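# Structure assessment
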Amino acid sequence: MVVWEECVSDETMGTIAPIIVYWIYAGVNQFLSPSLDKYRLHTLDEENEKNVIPITTVVKGVLLQQLLQILITQLGFFITSYTEETSRPTAQPSVLIQILQILIAMFIFDTCQYFVHRYMHHNKFLYRHVHSHHHRLVVPYAVGALYNHPVEVISDMLGGAAAFFGSGMTPRTSVWLFCLITVKAVDDHSGLRLPGNLFHVLFKNNGAYHDVHHQVNGVKYNYSQPFFTFWDRVMGTHMPYNVMKRPGGGLEVRMMKKRS
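Source: prediction; values computed, not measured.

With that out of the way, let us pick up the overall build of the protein. For the protein, the helix and strand inventory stands at 10 helices and two strands. Relative to the globule expectation of 18 Å for 260 residues, the C-alpha radius of gyration of the protein, 19 Å, shows essentially globular dimensions. Projecting the C-alpha coordinates of the protein onto the three principal axes gives extents of approximately 60 × 40 × 35 Å. Counting the 260 residues in the protein, one finds 48% classified as buried. Sequence separation of at least 24 residues holds for 68% of the intrachain contacts in the protein that already meet a minimum separation of 6. Mean positive and mean negative side-chain charge positions of the protein (21 and 19 charges, respectively) differ by 12 Å.

Below you can see the structure in the form of C-alpha cells.
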C-alpha cells in the first residue's frame, strides 16, 4: 500500500513523481546555493561569466524535456496497455528483492548512460548539434541538471526502459528508482559539496566527480553517471581529482593529472 494507490496508477506516478521531485530538490538547492559560498565548487562570478545562457532559457529547456518525457511515456503506456483503465495490481516482491532490483537497475542505467554519453562526445555531429547544449553550463547548477537537447530525452528514456525491464522490477518499484536517479542527477549538478551529504559518502561518482567532466580540460573524462565510476575505470576515461579550498573562500575541483 502506497499513498498514491487510490489516486493514480504506479505507471503514471512513475512519470510525474520524478518531475515533482526534480523541481522541489533543484529549487531548494538553487535557492540556498548563493548563501552557501564556502561549500560551492565555483563562485557566483564564475557561474555568471562562464555559462553562456541565462537561467530562464535553462528552465524553459528543462520544462520542454519533461513535457516530451510525459508524452512519450504515456504513449508507451498506451501501446503496451499500461493505462489506468486496464492495468491490474502487481504483486510486490519482498523489500530485499526490490533493493536488489534497484541495484541491478542502477548498474544497467549507468551502463547505458556511459556508452551513449561517451558516443555523444566522440561523434562530432552529435556533440555539436545535440550534447553541446548541456555543456553550455560550464559551471553546473541544480535546475540545469536536465538541461539537454530534446533528442537526448529519447536516449535517457531508453536507458530508463532498459533498467526497468532488465531488472525485472514492478512499476511501483520503478517510482523509487526514477526518483532516485532524478535526485542524484540534481545533486551531481548542484555545484555544492555539503558536509554529511549521503551521496558524497556513498558514491565516488558525485558532484565533484562530474564537475571534472564539465571543465574544459576534463570534457573527455568522467563520462560515468549518475551512480558508479566503474565504466570510466574499465574504459580508461577516469580522471582523478582533488577538492581544494579556494583562495578567498569556498572550494574548487582540480584534476590531478592531464591525459593526452
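There's more to say after this.
Time to look at the packing of aromatic side chains. Overall, the coordinates contain 14 aromatic pairs when judged by the stated rule. Ring geometry for F115 versus W231: centroids 5.1 Å apart, planes at 65°, classification edge-to-face. With F115 in helix α4 (residues 95-122) and W231 in helix α10 (residues 230-235), this pair connects stretches of sequence that are 116 residues apart. Considering the side-chain rings of F199 and F203, the 6.4 Å spacing of their centres and the 35° angle between planes classify their relative orientation as tilted. Note on F199: relative accessible area 14%, which makes it buried. The exposure class assigned to F203 is buried, which follows from its relative accessible area of 12%. By the ring-pair criterion, three or more aromatic residues cluster together here, those being F107, Y114, F115, Y223, F230 and W231. Over the ring of F203 we find K184; its NZ or CZ atom is 5.2 Å from the centre of that ring.

The subject of this paragraph is a nonpolar patch on the surface. Together, I16, I20, I24, V28, F31 and L32 give the surface a local cluster of nonpolar side chains, amounting to about 580 Å² of exposed area. The topology assignment puts V28 in helix α1 (residues 10-32). Its relative accessible area of 44% is what places V28 among the partly exposed residues.

Inspection of the entire model under this criterion finds six salt bridges. In this structure, E46 engages K50 in a salt bridge whose closest nitrogen and oxygen atoms are separated by 3.2 Å. Of this pair, E46 and K50 both sit in helix α2 (residues 44-50), four residues apart, roughly one helical turn.

With 19 residues, helix α7 (residues 171-189) should reach 27 Å at 1.5 Å per residue; the first-to-last C-alpha distance of 27 Å fits that figure. Most of α7 sits inside the fold, with 16 of its 19 residues counted as buried. Phi for G191, located one or two positions after α7, is positive at around 75°.

Moving on: the pairing of strand β1 (residues 241-245). As paired strands, β1 and strand β2 (residues 251-255) are joined by five bridges and run antiparallel to one another. Across the sheet, the residue bridging to N242 is R254, located in β2. Hairpin remark: β1 followed by β2, antiparallel, with five residues in the connecting loop; positive phi at G248, about 95°.

With respect to the secondary-structure elements, E152 resides in helix α6 (residues 151-167). No salt bridge is formed by the buried E152, whose closest oppositely charged neighbour, R136, lies at an N-O distance of 10 Å. Other than its neighbours up to four places away in sequence, E152 contacts M120, V130 and H131.

The next thing to look at is the UniProt feature "transmembrane region" (unreviewed entry) in the protein. The sites that carry the UniProt feature "transmembrane region" (unreviewed entry) are, in the present numbering, residues 12-32, 62-83 and 95-116. Strand forms 0% of residues 12-32 and helix 100%; the C-alpha atoms that close the span are 31 Å apart. Here residues 95-116 is 100% helix and 0% strand, with 31 Å between the C-alpha atoms at its ends.

Calculation rules
Residues numbered from 1 in each chain as written. Predicted model: local features only at pLDDT ≥ 70, side-chain atom pairs only at ≥ 80, totals over all residues. Heavy atoms only, no water. Helix = DSSP H or I, 4+ residues; strand = E, 2+ residues; numbered from the N terminus. Rg over C-alpha atoms; globule rule 2.2 N^0.38 Å. Buried < 20%, exposed > 50% of the residue type's maximum accessible area, 1.4 Å probe, protein only. Contact = heavy atoms within 4.5 Å. Lys, Arg positive; Asp, Glu negative; His and termini not counted. Charge placed at Lys NZ, Arg CZ, Asp CG, Glu CD. Phe/Tyr/Trp six-rings, centres within 6.5 Å; stacked < 30°, edge-to-face > 60°. Lys NZ or Arg CZ within 6 Å of the ring centre and 35° of its normal. Patch = residues over 30% accessible without salt bridge, like charges linked within 9 Å, V, L, I, M, F, W, Y side chains within 5 Å. Areas by Shrake-Rupley, 256 points an atom, 1.4 Å probe, with all protein chains shown as cover. Salt bridge = Lys/Arg side-chain N within 4 Å of Asp/Glu carboxyl O. Expected span 1.5 Å × (residues − 1). Pairing = 2+ DSSP bridges. UniProt positions renumbered as here; feature names shortened; annotations may be inferred.

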